[in-house]
Amino acid sequence: MPTTVVAAGLTAGQERSAVRLLQAASATSSFDRFAVGTLLVSLAGDLHTSLGAASAAASAYFLCYGLSQPLWGLASDRLGRVRTMRLALAAAAIGAAVSAIAPGLGLLVLARACTGACMAAVVPAGLVYLGDAIPIVRRQRTLTDLNAATAFGITAATGLGGVLAATLSWRVAFLLPGIAAAVLVVVLAGLPEPPRASRGQGGLPTVLRSAWGRAVLVLALVEGAALLGLLTYFAPALESTGWSATTAGAIVALYGIGLFLSSRVVKRLAGRTRPQVFLGCGAGGLAVAYAAVAASRSGFVVGGAALLVGAAWAAMHSTMQTWATEVVPHARAAMVSLFAGMLFVGSGVATAALAPLADDRRWLPLFASGAVVVAVFGVAAVSLRTRYAGREPVAG
């Protein structure tokens, strides 16, 4: 899979082209991750299993997505950012095809786990690519463009997932991102490799020796549990009150719209607003959203909460991503891969841990626990980011 390597920084035209291609890859990865939430009820019925058991397809995906991150970080240093993405997308396309034809829950969970492990390379490699190629003063604005593509993928997944499950089959929702992944394997051949200057200067030991690196990784673990783990259960919570899969998916799709619109605002404010402000506002909005859903599962409340979660993601997560690309610059690939890994390990653990509550339709304690966790995250993140701005040391 030959790719062009550039020895210096990307030209303006190359940078715009790179961002567009990485947006397409990010949207595909996001669709594949988020479609499952709107499919769980239909999937459980078709495979004659419980909602709690069916949620293993989501938790296995998230866990393998997270656990495979360090391996992809090493691969991107050795093989290059673009080649790593192309290899991972090719394998993910195969996993998606197996997911679509799996006759039972066992093979489906295995296929989703393998697909998650492969899709895991896409967004982190894109983040490292932009970290290598884009100066820090413009990086968060560029990352908000990547988040806008993530919003598109999420909106399509949550909006179309229920429709596909109701009109065709949940299997089609797993197949579509696989087809897109296969196309991207070909299209990404035209993407030049970023400058290589920052590669090979450090790996996992460098990250783990950094107190600030460890602090950001712990925050990523909690963020993944609080953000992605809880969002998985929005659609099932709506469906448990009588909403159809199609309508529930459309309501939860407001999350992507909130993320897209808020990303435009964050892009304008980035560079003029302190990161801790974004972190505090995002965490506060997320806590309010979960508290609202804990109190009521009406379509109006869940729709409003989904919008608020999207806005919180735009403010909070883009700030965390930018922090991850700069905190250990001599081991950027390792740091970003571990950051993404911790994010999705946290998500997978939370999804699995909350499955018994979801199975019993105990939505109040499920979402109330999320509100508490994200409030703790917000306080810790704002405090640490304020100290980091002054480069005060952290314990350890």
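No experiment lies behind these values; they were computed from the predicted model shown.

Visitor: Sorry, what's going on with the pattern of salt bridges here?
Guide: Oppositely charged side chains can pair when the atoms bearing their charge come close. Taken as a whole and judged by the stated rule, the model has 1 salt bridge. Between Arg112 and Asp32 there is a salt bridge, with the nearest N and O atoms lying 3.2 Å from each other. Residue Arg112 is located in helix 7 (residues 105–119), and its partner Asp32 is located in helix 1 (residues 12–34); the two are separated by 80 residues in the primary sequence. The burial state of Arg112 is the same as that of Asp32; both residues are buried.

Visitor: Would you mind showing me how to read the state of the cysteines here?
Guide: Two cysteines, two sulfur atoms, one covalent bond between them: this is a disulfide. Evaluated as defined, the whole model comprises 0 disulfides. Of all cysteine sulfurs in the structure, the one in Cys118 sits closest to Cys114, which takes part in no disulfide; the separation is 6.8 Å.

Visitor: Looking at this structure, I do not really get empty space enclosed by the protein. What am I missing?
Guide: Rolled over the atoms, a probe with the dimensions of a water molecule shows which regions are left empty. Scanning the model with the defined rule gives 5 cavities of 30 Å³ or more in all. Each pocket or cavity is described by its volume, and for the largest cavity that value is around 140 Å³. Lining the largest cavity are 16 residues, and of these Val123, Leu127, His317, Gln321 and Leu343 lie nearest its centre. Of all the secondary structure elements, the ones that give two or more residues to the lining of the largest cavity are helix 1, helix 8 (122–133), helix 9 (136–167), helix 17 (299–327) and helix 18 (332–359). For the lining of the largest cavity, the element with the most residues is helix 18, which contributes 4 residues. Per-class residue counts for the lining of the largest cavity are 10 nonpolar, 5 polar and 1 charged. Considering only enclosed or pocket space, the second largest cavity measures out at about 100 Å³ in volume. Around the second largest cavity, the lining is made up of 13 residues, and of these Phe34, Gly37, Thr158, Leu231 and Thr232 lie nearest the centre. When residues of the lining of the second largest cavity are traced back to their parent elements, those giving at least two are helix 1, helix 2 (36–46), helix 12 (211–231) and helix 13 (234–239).

Visitor: Where do I start with helix 7 in this structure?
Guide: Each α-helix turn comprises 3.6 residues. Residues three or four places apart therefore point the same way. With 15 residues, helix 7 extends 20 Å between its outermost C-alpha atoms, agreeing within 8% with the 21 Å of an ideal straight helix rising 1.5 Å per residue. Regarding helix 7, the residues found buried are Leu108, Ala111, Arg112, Ala113, Thr115, Gly116, Ala117, Cys118 and Met119.

Visitor: Help me understand the packing of aromatic side chains in this model?
Guide: What characterises a pair of aromatic rings is the spacing of the ring centres plus the angle enclosed by the ring planes. Within the structure shown, the criterion is met by 8 aromatic pairs. Taken together through their ring pairs, the aromatic side chains of Phe234, Tyr290, Trp363 and Phe367 make up a single cluster. It is Arg385 that lies over the ring of Trp323; its NZ or CZ is 5.2 Å from the centre.

Visitor: Any chance you could explain unusual backbone geometry here in plain terms?
Guide: Where the residue is not glycine, phi is negative for most of them; where a peptide bond is considered, it is trans in most cases. With a phi angle near 55°, His48 is a residue other than glycine that sits in the positive phi range. Following the sequence through the fold, His48 ends up in the loop between helix 2 and helix 3 (51–54). One non-glycine residue, Arg361, lies in positive phi territory at about 60°. With respect to the helices, strands and loops of the structure, Arg361 is situated in the loop between helix 18 and helix 19 (363–389). In this structure Arg361 comes out as partly exposed when scored by relative accessible area, which is 44%.

Visitor: Mind showing me how you'd approach the environment of Val218 here?
Guide: Relative to the elements of secondary structure, Val218 occurs in helix 12. C-alpha of Val218 to C-alpha of Arg78: the two residues are 140 residues apart in sequence and 26 Å apart in space.

Visitor: Please explain the nonpolar core as it appears in this structure.
Guide: One finds Leu191, Phe234, Tyr290, Val309, Trp323, Leu366 and Phe367 to be the most contacted residues of the largest nonpolar core, which totals 128 residues. Sort the elements by how many residues they give to this core and helix 17 lands first, with 13 residues. With sequence-adjacent residues up to four places away left out, Phe367 is seen in contact with Leu230, Tyr233, Phe234, Ala237, Tyr290, Val293 and Ala294.

Rules used in this analysis
Residues numbered from 1 in each chain as written. Predicted model: local features only at pLDDT ≥ 70, side-chain atom pairs only at ≥ 80, totals over all residues. Heavy atoms only, no water. Salt bridge = Lys/Arg side-chain N within 4 Å of Asp/Glu carboxyl O. Helix = DSSP H or I, 4+ residues; strand = E, 2+ residues; numbered from the N terminus. Buried < 20%, exposed > 50% of the residue type's maximum accessible area, 1.4 Å probe, protein only. Disulfide = S-S within 2.5 Å. 1 Å grid on protein atoms, 1.4 Å probe; cavity = no way out; pocket = protein on both sides within 12 Å on 5 of 7 lines; lining within 4 Å. Points joined across faces, edges and corners; volume = space filled by probe spheres on them. Nonpolar A, V, L, I, M, F, W, Y, C, P; charged D, E, K, R; others polar. Expected span 1.5 Å × (residues − 1). Phe/Tyr/Trp six-rings, centres within 6.5 Å; stacked < 30°, edge-to-face > 60°. Lys NZ or Arg CZ within 6 Å of the ring centre and 35° of its normal. Core = buried A, V, L, I, M, F, W, Y, C linked by side-chain atoms within 4.5 Å. Contact = heavy atoms within 4.5 Å.

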